[in-house]
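The chain contents come next:
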Amino acid sequence: MASQNLEVLANDALGNGSEHGNTTESGASNIAEESENEKLPETNQQRKWNMERTWGFSLEEIFGLALRFFKEMNGKAFSPTYEENLRLVALQKHISLGPYNAKVCPEVGFFDVLGNDRRKEWARLGSMAKEDAMEDFVKLLNSCCNLFAPYVTSHKIEKEEQEKRAREEVERLRAEREEQERQQWEEERHRREEEERKKKEEGQRREEAECSVMELQKTQIMAALSAQTEVQFLQYAQRQFPNGPEQQQLLIKQLQEQHYQQYIQQLYQVQQMALQKQQDSSETLITPPCPDLRDSSLNPGTHSKSSQSPECKVNSKKGHLVIEGKPGEVAIMAASMWTRPQIKEFKEKMVQDMESVIIVGRGEVLTVRVSTHEDGSYLFWEFATDHYDIGFGLYFEWANEADGTRTVEPSVDGQMTGQSEKVNSESQTESRLPQLSEVVPVYRRDSHEEVYAGSHQYPGQGVYLLKFDNSYSLWRSKVVYYRVYYTR
């Protein structure tokens, strides 16, 4: 019996017959026999692979084609027998609705012979697996209609054509994308070459312009020097070559060139001596420890010009730069200055507090007075302007112990705000010495391009004067965004 089953499975290439008990086997020889045969175990994965290898479609795809063929061609292209029709309909219901359940299915009339036969055939399938039912449906349809195989073959060819067109479309899109990338790369390369060429030409033009300027300067200097030494060089050349005018002219040119080189060398030495003298009179700024500021992107490398003030000396005991005032005044530590580029964010933050935005009128000097706080040891300031620069300087007014006056008190959170007032340079008078010390001299700052910030350690009790100088501008007022606060 087992050898007979192996022979049937080997010869049934198109899936003729049924693999379950109490089924009808139909093949090319039209042999029909009901028997309970022993079957070799076969997994679902192997069954699907066999169906795909035989038909070129997966089990679900070949069943869909078979079901559509059965619905469209039944009674037209082929006419199955009554038993085959019952079997096909029962397999279809079993696949779509599951095993037969009399409690769920509606009752069928006694005289409905076709309905009763279909119910019986459906119930005869039992608990057959859905994959087995699909396979039996395909095999039975193929055995009872010889047009099904060509039908599947035509769909297989159509599927292959679609896949081929899809691959060709993918390949075409890939080729187009590669061509676009190549064109973009070529355009980028040409653009870089053009930029490099323009930069090179610009550099050459700049060098030529510099050379022409230098040549012009050299010509002017040599003309001036020649006018001063023309008589002396001519007399010297005549003594050397009494009867040689050409040799005299050549010697004069050599003497003028030597005189020019000596003049340039002397000029360079004078400039170096002046620079060395300036460096000797000003020491390098040593920045005190900076606390944790709210903005981390500081640039301590860009110090203010105030750190290069000639009125500075080094305190060897503390190791900090100190500033000497006028005779009789107390020496104080120099301020630290730096800049940072986040000017837009700083302005947006300051606009939220109207007291942090002031307007310095044209030709005016605005002073913000901030007193020292007993809980602080460092004063910090930041400011920026719109569109134009402004002068800035910092002074310290020592506290008058006699009256104990204070002008501005810091807020609870450590943030300081100062009252601004117009200051006339001729209206301030010194009551006693020392009274006012210069911490940062007034210089024009490019505060419209960067945020200028700085810090200074308290030299004692007193009031800081932040001066915003717009006296040099006779036409424009300046909008200043500033913030002043203290830390420990």
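Residues numbered from 1 in each chain as written. Predicted model: local features only at pLDDT ≥ 70, side-chain atom pairs only at ≥ 80, totals over all residues. Heavy atoms only, no water.

Enquirer: Looking at this structure, I do not really get the packing of aromatic side chains. What am I missing?
Expert: To describe a pair of aromatic rings, you give the distance between the ring centres and the angle between the ring planes. For the coordinates displayed, the defined rule picks out 18 aromatic pairs. Residues Phe 468 and Tyr 482 carry aromatic rings whose centres are separated by 6.2 Å and whose planes lie at 55° to one another, so their mutual orientation is tilted. Of this pair, Phe 468 sits in strand β13 (residues 462–469) while Tyr 482 sits in strand β14 (residues 478–487); the two residues are 14 residues apart in sequence, bridging distant segments of the chain. Residue Phe 468 is classed as buried on the basis of its relative accessible area, which comes to 1%. Residue class for Tyr 482 comes out buried when judged on its relative accessible area of 4%. One aromatic cluster is present, formed by Trp 381, Phe 383, Phe 392, Tyr 452, Phe 468 and Tyr 482 through successive ring pairs. Note that Lys 467 overlies the ring of Tyr 395, its terminal NZ or CZ placed 5.7 Å from the centroid. (Phe/Tyr/Trp six-rings, centres within 6.5 Å; stacked < 30°, edge-to-face > 60°. Helix = DSSP H or I, 4+ residues; strand = E, 2+ residues; numbered from the N terminus. Buried < 20%, exposed > 50% of the residue type's maximum accessible area, 1.4 Å probe, protein only. Lys NZ or Arg CZ within 6 Å of the ring centre and 35° of its normal.)

Enquirer: Teacher, can you tell me more about a negative patch on the surface here?
Expert: Residues Glu 160, Glu 161, Glu 163 and Glu 168 make up a contiguous surface patch of negative charge. For Glu 163, the position within the fold is in helix α7 (residues 148–240). The class of Glu 163 is partly exposed, set by a relative accessible area of 35%. (Patch = residues over 30% accessible without salt bridge, like charges linked within 9 Å, V, L, I, M, F, W, Y side chains within 5 Å. Areas by Shrake-Rupley, 256 points an atom, 1.4 Å probe, with all protein chains shown as cover. Salt bridge = Lys/Arg side-chain N within 4 Å of Asp/Glu carboxyl O. Lys, Arg positive; Asp, Glu negative; His and termini not counted. Charge placed at Lys NZ, Arg CZ, Asp CG, Glu CD.)

Enquirer: What should I look at first to understand the pattern of salt bridges in this one?
Expert: When their charged atoms lie close together, side chains carrying opposite charge are able to pair. Evaluation of the coordinates by the stated rule reveals 24 salt bridges. With a closest N to O distance of 2.2 Å, Glu 169 and Arg 172 form a salt bridge. In this pair, Glu 169 and Arg 172 are both assigned in helix α7, three residues apart and thus about one turn of the helix distant. Since its relative accessible area comes to 38%, Arg 172 is described here as partly exposed.

Enquirer: I would appreciate a short explanation of the nonpolar core in the present structure.
Expert: Nonpolar side chains in soluble globular proteins tend to end up buried together. Core analysis: the largest hydrophobic core is formed by 32 residues, its most contacted members being Ile 62, Phe 137, Leu 141 and Phe 148. Counting residues per element, the ones that place at least two in this core are α2 (44–55), α3 (59–73), α4 (82–97), α6 (130–144) and α7. Here the element with the most residues in this core is α3; it accounts for eight residues. Apart from residues lying up to four places away in sequence, Phe 148 is in contact with Trp 55, Ile 62, Leu 65, Ala 66, Phe 69, Val 138, Leu 141 and Asn 142. (Core = buried A, V, L, I, M, F, W, Y, C linked by side-chain atoms within 4.5 Å. Contact = heavy atoms within 4.5 Å.)

Enquirer: For this particular structure, what's the right way to read the side chain of Ser 455?
Expert: Structurally, Ser 455 can be placed in strand β12 (residues 451–457). Relative accessible area serves as the criterion here: at 4%, Ser 455 is assigned to the buried category. Those residues in contact with Ser 455 that lie beyond four places of it in its chain are Ala 335, Ser 336, Trp 338, Leu 379, Phe 380 and Trp 381.

Enquirer: Before we go on, may I ask you to explain α7 in this structure?
Expert: At Thr 229, α7 shows its maximal bend, which comes to roughly 60°. Of all the positions in α7, only Phe 148, Tyr 151, Val 152, His 155, Gly 203, Met 222, Leu 225, Ser 226, Thr 229, Phe 233 and Ala 237 are classed as buried. (Bend = angle between axes of the 7 residues up to and from the residue.)

Shape is all these values report; function is a separate question.
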